[in-house]
Amino acid sequence: MSREEIFFDAITNLREELVEEAQEYVFRKHSWRRYTRLAACLALTAILCLGIYRSARNTADAGNSSNTAMPPSGEYDGCLEDSIPEAVRFTASVLEVRADSLLVSTAEYGPVEVPTAGLENLPEVHEKDRVTVRCERISLEDGLCRAVGVTAVVPADA
Amino acid sequence: MEDVQIIGLYWLRDENAIRETDRKYGAFCHRVAMNILHCFQDSEECVSDAYGRCWDTMPPQRPQSLRAYLGAIIRNLSISRYRSSHAQKRFSGAEVLLSELADCIPARDSVQRTVESGELSELISQWLESLTAEDRSLFIRRYWNGDPVKTLAGELGVRPNALTKRLLRMREALRRHLEKEGVSV
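No experiment lies behind these values; they were computed from the predicted model shown. (Residues numbered from 1 in each chain as written. Chains lettered and ligands numbered in written order. Predicted model: local features only at pLDDT ≥ 70, side-chain atom pairs only at ≥ 80, totals over all residues. Heavy atoms only, no water.)

Asks: Please clarify how the overall build of chain B should be interpreted in this entry.
Replies: When you go through chain B residue by residue, the secondary structure sums to nine helices and two strands. Moving toward the C terminus, one meets the helices and strands of chain B in the order α-α-α-α-α-β-α-α-α-α-β. Across the 185 residues that make up chain B, the buried fraction comes to 52%. Considering only contacts within chain B whose residues lie at least 6 apart along the sequence, 67% involve residues at least 24 apart. Of the roughly 8,900 Å² that chain B leaves accessible, carbon and sulfur atoms contribute 49%. (Helix = DSSP H or I, 4+ residues; strand = E, 2+ residues; numbered from the N terminus. Buried < 20%, exposed > 50% of the residue type's maximum accessible area, 1.4 Å probe, protein only. Contact = heavy atoms within 4.5 Å. Areas by Shrake-Rupley, 256 points an atom, 1.4 Å probe, with all protein chains shown as cover.)

Asks: Help me understand the packing of helix α6 (residues 117-129) of chain B against helix α9 (residues 160-181) of chain B in this model?
Replies: Packed helices, taken two at a time, are described by the angle between their axes plus the distance between the axes. Residues and elements named next belong to chain B. It is the contact of α6 with α9, at a shortest axis distance of 10 Å, that shows an interaxial angle of 120°. Classed by the angle they form, the pair α6 and α9 counts as oblique. Considering the relative orientation of α6 and α9, their crossing is right-handed. Across from L120, L123, I124 and W127 in α6, the residues of α9 making contact are M170, A173, L174, H177, L178 and E181. Of the residues in the contact of α6 with α9, the class split is eight nonpolar, one polar and one charged. (Axes fitted to C-alpha atoms, helices over the stretch in contact; angles between N-to-C directions. Parallel < 35°, antiparallel > 145°, perpendicular 65-115°, else oblique. Left-handed = near helix turned anticlockwise from the far one by under 90°. Nonpolar A, V, L, I, M, F, W, Y, C, P; charged D, E, K, R; others polar.)

Asks: Is there a simple way to explain a nonpolar patch on the surface in this structure?
Replies: A cluster of nonpolar residues, Y35, L38 and L42 of chain A, forms a patch on the protein surface that exposes about 350 Å² of accessible area. Mapped onto the elements of the fold, L42 of chain A is located in helix α3 (residues 32-67). (Patch = residues over 30% accessible without salt bridge, like charges linked within 9 Å, V, L, I, M, F, W, Y side chains within 5 Å. Salt bridge = Lys/Arg side-chain N within 4 Å of Asp/Glu carboxyl O.)

Asks: What is the right way to look at the pattern of salt bridges in this model?
Replies: One side chain can pair with another of opposite charge once the charged atoms of both are near each other. The final tally for this structure, using the stated rule, is 22 salt bridges over all chains. Between E113 of chain A and R98 of chain A there is a salt bridge, and its shortest N-O distance comes to 3.1 Å. You can see E113 of chain A sitting in strand β3 (residues 110-115) and its partner R98 of chain A sitting in the loop between β1 (86-97) and β2 (101-106), a full 15 residues away along the chain. E113 of chain A sits in the buried class, given a relative accessible area of 15%. We note a salt bridge from E100 of chain B to R171 of chain B, for which the minimum N-O separation is 3.3 Å. Remark: R171 of chain B occurs in helix α9 and E100 of chain B occurs in helix α5 (residues 94-101); sequence separation between them is 71 residues. A relative accessible area of 14% means that E100 of chain B is categorised as buried. Linked by salt bridges that have partners in common, E96, R98, E113, E141 and R146 of chain A make up one network.

Asks: Where do I start with the interface of chain A and chain B in this structure?
Replies: For interface size, the figure often reported is the accessible area lost on association. Between chain A and chain B, the contact holds 29 residues from the first and 54 residues from the second. A buried area of about 4,000 Å², summed over both sides, lies between chain A and chain B, and 59% of it is on carbon and sulfur atoms. Linking chain A with chain B are five salt bridges. E129 of chain B is paired through a salt bridge with R15 of chain A; the nearest N and O atoms lie 2.6 Å apart. Looking at the side of chain A that touches chain B, the elements that each hand over two or more residues are α1 (3-12), α2 (16-24) and α3 of chain A. With ten residues, the top contributor of residues to the side of chain A that touches chain B is α1 of chain A. Looking at the side of chain A that touches chain B, its residues break down into 13 nonpolar, four polar and twelve charged. (Buried area = accessible area lost by both parts, 1.4 Å probe.)

Asks: In this structure, what is going on with the confidence of the model for chain B? I would like to understand it.
Replies: Low pLDDT marks regions whose predicted coordinates should not be analysed in detail. Taken as a whole, chain B shows an average pLDDT of 86; of its residues, 91% reach a score of 70 or greater. Looking across chain B, the model is least confident in strand β1 (residues 113-114) of chain B, with a mean pLDDT of 66, and most confident in helix α7 (residues 133-143) of chain B, with 93. (pLDDT = per-residue confidence, 0-100.)

Asks: I keep staring at the packing of aromatic side chains and nothing clicks. Help me out?
Replies: Pairs of aromatic rings are described using the distance from one ring centre to the other and the angle between the two planes. In the structure shown here, the tally under the stated rule is seven aromatic pairs over all chains. Here Y25 of chain B and F28 of chain B contribute two aromatic rings whose centre-to-centre distance is 6.4 Å and whose plane-to-plane angle is 70°, an arrangement assigned as edge-to-face. Highlighted residues: Y25 of chain B and F28 of chain B, both in helix α2 (residues 16-37), separated by three residues, approximately one helical turn. Among the aromatic residues, ring-to-ring pairing joins Y25, F28 and W144 of chain B into one connected group. The ring of F8 of chain A carries R75 of chain B above its face, with NZ or CZ at 4.0 Å from the centroid. (Phe/Tyr/Trp six-rings, centres within 6.5 Å; stacked < 30°, edge-to-face > 60°. Lys NZ or Arg CZ within 6 Å of the ring centre and 35° of its normal.)

Below is the structure:
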């Protein structure tokens with residue numbers, strides 16, 4: 001009898017309770033595959049949702065810019081830089097007149113800082129006046145919206 | 001029917017004992033025999049012989065676990081059949097199991113004494129008790145039941161290659177345990 005066969009015989013005569021326990025034991029599935037599939041499905045769903053959202057937003061932006069160049073009111077939360085369109089015009093109330101900027105309040109973006117340094121034909125404005133601002137875009141800096149590339153600030157009734 | 005009742009039938013020399021044994025453990029016995037012999041006809045004969053062996057040995061035997069008792073008889077009969085078929089150069093599934101078990105055997109020059117099968121069984125049982133329930137069941141299902149790696153990997157939800165490596169680590173751990181005990185076969 002070879003050594004392997006002696007070993008085989010030794011395993012044959014293992015304690016009965018160990019053998020019985022092994023027969024009753026139910027292996028718990030190592031479910032990394034299941035979780036991987038779940039994660040892949042979630043990622044795919046998220047990508048699809050993002051694509052649909054962006055597509056819908058681009059369509060809405062295109063429609064609005066061709067009519068008034070105004071951002072669609074109520075669509076932006078005023079805080080996400082991604083959601084603020086370029087080449088915008090908005091009407092706002094002046095909150096504060098500073099040496100080289102205005103702090104205005106808008107319905108769309110909340111408070112916006114409008115730099116006025118170097119701006120030609122800047123009218124005399126006071127607090128609570130309503131003005132229309134044209135700029136290239138609005139960026140979010142340190143939690144405050146800021147008009148970039150301001151081309152005009154005129155009284156709202158002009 | 002509970003094991004105790006079936007064993008009671010053997011003791012009463014009631015032939016229903018074999019029928020009940022086959023009903024409860026027939027599939028299990030066939031699987032163990034098939035895992036070793038890989039031959040349906042040989043397995044059938046082994047299982048029939050095992051029932052006969054049970055009939056002959058109970059009484060006086062009164063096993064605590066009828067399944068383990070039957071399985072041990074099946075393994076003994078199957079390995080005997082394997083030896084005879086091996087001598088005739090017939091292929092048997094036990095070949096693979098035996099080659100894997102060779103990994104567990106310590107080198108003779110690293111041991112102090114040689115042990116017999118019975119003592120080796122006890123040492124292996126002690127080593128198994130030190131494992132987790134899952135590893136213990138895995139080892140027994142592979143090397144006592146002879147279940148294929150692919151089947152066990154399916155039950156565990158892992159790839160067969162990963163399971164093969166895990167089993168190899170277990171065999172090496174057993175060999176180290178036996179070396180530490182200073183024994184070989």
